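Examining the three-dimensional arrangement
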Amino acid sequence: ACSSKYVLSALHPMWQGPLVAPGGNRQSPIDIRVRKSVFDPHLKPLTPDYDPRTCSQIWNNGYSFLVEYDDTTDKSTLKGGPLEDNFRLCQFHFHWGESNAWGSEHTVDRRLFPAELHMVHWNSDKYSRFEEAVMEENGLAVIGVFLKIGKRHEGLQKLVDVLPAVRHKDSVVEFTRFDPACLLPSNIDDYWTYAGSLTTPPLTEAVTWIIMKQHIEVSHDQLAVFRSLLFTSAEEEVQKSMVNNFRVQQSLQGRTVRSSFT
Ligand SMILES: NS(=O)(=O)c1ccc(C(=O)O)c(S(=O)(=O)NCCc2ccccc2)c1
Ligand SMILES: [Zn+2]
């Protein structure tokens, strides 16, 4: 699986360190200026094909909670869209705020969302392991989906119910038969795509970002359970709520954001 051993928390040096990776000219996240995005008629429909049986565990890595998938075979894959190769799903996670007013990493014309889902995939045509792909410029593809507060998301509830079991950093529980496709919006043909980076260390410029135009809805109470997680491990004397686990926005530096729609 692709889970990082990078322990990240609000106190992580990265959050005090350089806000832009030294020498980085394709860093993420960014603000998506809709009117500056360029329609690309050659962008194909995205074809995710996920097998819920590859879902294996959920863990709190001290930065977010990751739902991990067995990526040792091509069972849960992503093709199409801006991608030339076949990509394998390795994990999904979220970023959120302490209030519903902010929390997403990307913004659309400066509009913030309360949370953002990231589904992380690696290029299994060119590389044999996630750890290899994460260092290469065409190594990763991450689907971003904005969350809005509204009606309860029935598919998400199975995940929300298990979060108390991974309240502390480094806690892990078995989590199986979860179909990540249930978290995608009904329309996945309309998206923006651009060349960027991981938004957590090592901030490598390996990511083809695919940001969905259509958001999904979750209830206020469901998002409140995200905020009940902790950055800190059970042993630490001071417990810190896992909130505001997003990176500051980075400059576009001449990049073009393409859209699959007019
Ligand atoms: N916001 S994001 O999509 O850029 C992202 C956030 C967190 C992580 C993570 O692993 O914690 C990841 S990850 O699963 O790609 N891991 C990156 C760190 C890593 C590097 C090398 C080997 C293992 C993990 C990505
Ligand atoms: Zn992320």
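Please refer to the structure higher up on the page.
Structural notes, computed from the coordinates. (Residues numbered from 1 in each chain as written. Chains lettered and ligands numbered in written order. Predicted model: local features only at pLDDT ≥ 70, side-chain atom pairs only at ≥ 80, totals over all residues. Heavy atoms only, no water.)

1. Re the overall build of the protein chain
Tallying secondary structure elements over the protein chain gives 4 helices and 15 strands in all. What you see for the protein chain is a C-alpha radius of gyration of 17 Å, in line with the 18 Å of a compact globule of 262 residues. Dimensions of the protein chain, computed from the C-alpha atoms along their principal axes, are close to 50 × 40 × 40 Å. Expressed as a percentage of its 262 residues, the buried residues of the protein chain come to 56%. Taking all contacts inside the protein chain whose residues are at least 6 apart in sequence as the whole, residues at least 24 apart take part in 74%. Total accessible area on the protein chain stands at roughly 11300 Å², and carbon and sulfur atoms take up 53% of it. In the protein chain, the 27 positive side-chain charges and the 32 negative ones have mean positions that sit 5 Å from each other. (Helix = DSSP H or I, 4+ residues; strand = E, 2+ residues; numbered from the N terminus. Rg over C-alpha atoms; globule rule 2.2 N^0.38 Å. Buried < 20%, exposed > 50% of the residue type's maximum accessible area, 1.4 Å probe, protein only. Contact = heavy atoms within 4.5 Å. Areas by Shrake-Rupley, 256 points an atom, 1.4 Å probe, with all protein chains shown as cover. Lys, Arg positive; Asp, Glu negative; His and termini not counted. Charge placed at Lys NZ, Arg CZ, Asp CG, Glu CD.)

2. What to know about the coordination of the zinc ion (ligand 2)
All of the protein donors around the zinc ion (ligand 2) are His93 (NE2), His95 (NE2) and His118 (ND1); their distances to the metal are 1.9 to 2.0 Å. Around the zinc ion (ligand 2) sit 4 donor atoms; with metal-centred angles ranging over 95 to 116°, the donor geometry is tetrahedral. On the accessibility criterion, His93 (9% relative accessible area) is buried. On the basis of relative accessibility, which here comes to 0%, the residue His95 falls in the buried class. (Donors = N, O, S within 2.8 Å, 3.2 Å for Na, K, Ca; no water. Tetrahedral: all angles 85-135°; square planar, octahedral: opposite > 155°, others 65-115°.)

3. Some points on the side chain of Gln222
Within the secondary structure layout, Gln222 lies in helix H4 (residues 220–226). Judged by relative accessible area, Gln222 falls into the buried class, the value being 3%. At 2.9 Å, the side chain of Gln222 and the backbone nitrogen of His153 are in polar contact. Here Ser219 takes part through its backbone nitrogen, which lies 3.0 Å from a polar atom of the side chain of Gln222. In contact with Gln222, other than residues within four places in its own chain, are Arg152, His153, Leu156, Gln157 and Val160. (Polar contact = N/O pair within 3.5 Å; in protein donor to acceptor, adjacent residues only side chain to side chain.)

4. Considering the pairing of strand S9 (residues 115–123)
Most of S9 is tucked away, with 9 of its 9 residues classed as buried. Of the two faces of S9, the one carrying Ala115, Leu117, Met119, His121 and Asn123 and the one carrying Glu116, His118, Val120 and Trp122 are both buried. Both strand S7 (residues 87–96) and S9 contribute to a ladder of 9 bridges, which runs antiparallel. Considered in S9, the bridge of Leu89 is made with His121. (Pairing = 2+ DSSP bridges.)

5. Side note on unusual backbone geometry
With an omega of 0°, the peptide bond running from Ser28 to Pro29 counts as cis. In this structure, Pro29 sits in the loop between helix H1 (13–16) and strand S1 (31–32). Omega for the bond connecting Pro201 with Pro202 falls within 30 degrees of zero, at 10°, which places this linkage in the cis form. Along the chain, the position of Pro202 falls in the loop between strand S12 (191–196) and strand S13 (207–212). Located in the positive-phi region is Asp170, a residue other than glycine, with phi close to 75°. Position of Asp170 relative to the elements: it lies in the loop between helix H3 (154–162) and strand S11 (172–174). With a phi close to 50°, Gln253 is a non-glycine residue in the positive phi region. On the basis of relative accessible area, Gln253 is assigned to the partly exposed category, the value being 45%.

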